[in-house]
Amino acid sequence: MGYEGDREPTRDVLRGLHARHSASIGFENVDVVLGRPIPLDLETLQTKMIDRHRGGYCYEHNLLYAAALERFGFRVSGLGARVRMGDDRLRPVTHALLKVELDGEDFITDVGFGASGLLAPLPLRDGTEARQSGWTFALAHEKKTEAWALRSRTEDGWIDLYAFGPERRYPVDYAVFNHYISTHPRSPFVSRLVVQRPLPDRRSVLIGRELTRTRPDWSSEVREVAPEETPEVLEEEFGITLSGADAEAVVAFQGKVGDVP
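All of these numbers come straight from a predicted model, not from anything done at the bench.

(A) Broad picture of the sheet that holds strand β6 (residues 129-132). Read across the sheet, eight strands follow the order β5-β4-β3-β2-β9-β8-β7-β6 without closing on themselves; strand pairing throughout is antiparallel. Every other strand in the sheet has two partners, leaving β5 (122-123) and β6 as the edge strands with one partner each. Against the sheet, helix α4 (residues 58-71) makes contact with β2 (75-83), β3 (93-102) and β4 (105-109), and its axis sits at roughly 15 degrees relative to β3, the strand it touches most. Packing of helix α5 (residues 171-183) onto the sheet brings it into contact with β2 and β3, and relative to β3 it is tilted by some 145 degrees.

(B) Fine view of unusual backbone geometry. Positive phi, close to 65 degrees, is recorded for E146, a residue that is not glycine. Along the chain, E146 turns up in the loop between β7 (135-142) and β8 (147-154). The class for E146 is partly exposed, based on a relative accessible area of 45%. Unlike most non-glycine residues, W218 shows phi in positive territory, near 75 degrees. Within the secondary structure layout, W218 lies in the loop between β12 (210-214) and β13 (220-224). Looking at W218, the relative accessible area reads 25%, which means it is partly exposed.

(C) Focus on the sheet that holds strand β10 (residues 194-198). If you walk across this open sheet you meet the five strands as β1-β10-β11-β12-β13, and the pairing is antiparallel. If you trace the sheet from one side to the other, it starts and ends with β1 (27-28) and β13, each paired once. Bridge count for β12 against β13 is five bridges, and the pairing is antiparallel. Bridge assignment links T212 to a residue of β13, and that residue is V222. Helix α6 (residues 230-238) rests against β10, β11 (203-207), β12 and β13 of the sheet, and its axis sits at about 160 degrees to β11.

Conventions and cut-offs
- Residues numbered from 1 in each chain as written.
- Predicted model: local features only at pLDDT ≥ 70, side-chain atom pairs only at ≥ 80, totals over all residues.
- Heavy atoms only, no water.
- Pairing = 2+ DSSP bridges.
- Helix = DSSP H or I, 4+ residues; strand = E, 2+ residues; numbered from the N terminus.
- Contact = heavy atoms within 4.5 Å.
- Axes fitted to C-alpha atoms, helices over the stretch in contact; angles between N-to-C directions.
- Buried < 20%, exposed > 50% of the residue type's maximum accessible area, 1.4 Å probe, protein only.

This is the structure in structure tokens:
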């Protein structure tokens, strides 16, 4: 990922690792739409996301990231979240994020939420608000449910990205969540390509065939990506490299169902 900083478990190192991972590895569901299983063992994750220059979604990102943090000496535990994205409906726990205990304080760090995600860790304190490059995030503790809400400031005001509780989650929990997300017909990742990347100066999102780039001033560019363009866009916009066979399979998939709503 190009990280060349210190190797001690400090706040600066945590911020550096989070930033480099977010900038270097894209969010994508290519294997899901091609009908492949999503293994979560560390060897497979390293091969896919580091050696092959691919991306992944939350379980893949945060399990690989957690292993790196542990190697650096951080005390890491997994958490599970209910995605909200501004919607108040109760949804199942399907998102993975991490908690790090450091210098007597807890932080959340999450490199797997796609374009709307954090660019740096946040201290787990009620009322925390942080400007991260051009984007602003906050945490709120909901006393009624004992859940924490991660919020993002948008052009129209604050929205909740997701809500999470204190219960520790383990790889076996993520294995169950992963099976649902990668196979269930109602999963948002099964029927359409979803590729995202959070950067300090823009958020890039490809949903189906629609590519959107949003800047911190909320100006945006939207265009349709032709199926045959998809492999090139994945590499240039999201840093995701497909093999020849995978590129052909993605082009074929986009030609059939790339614009499914």
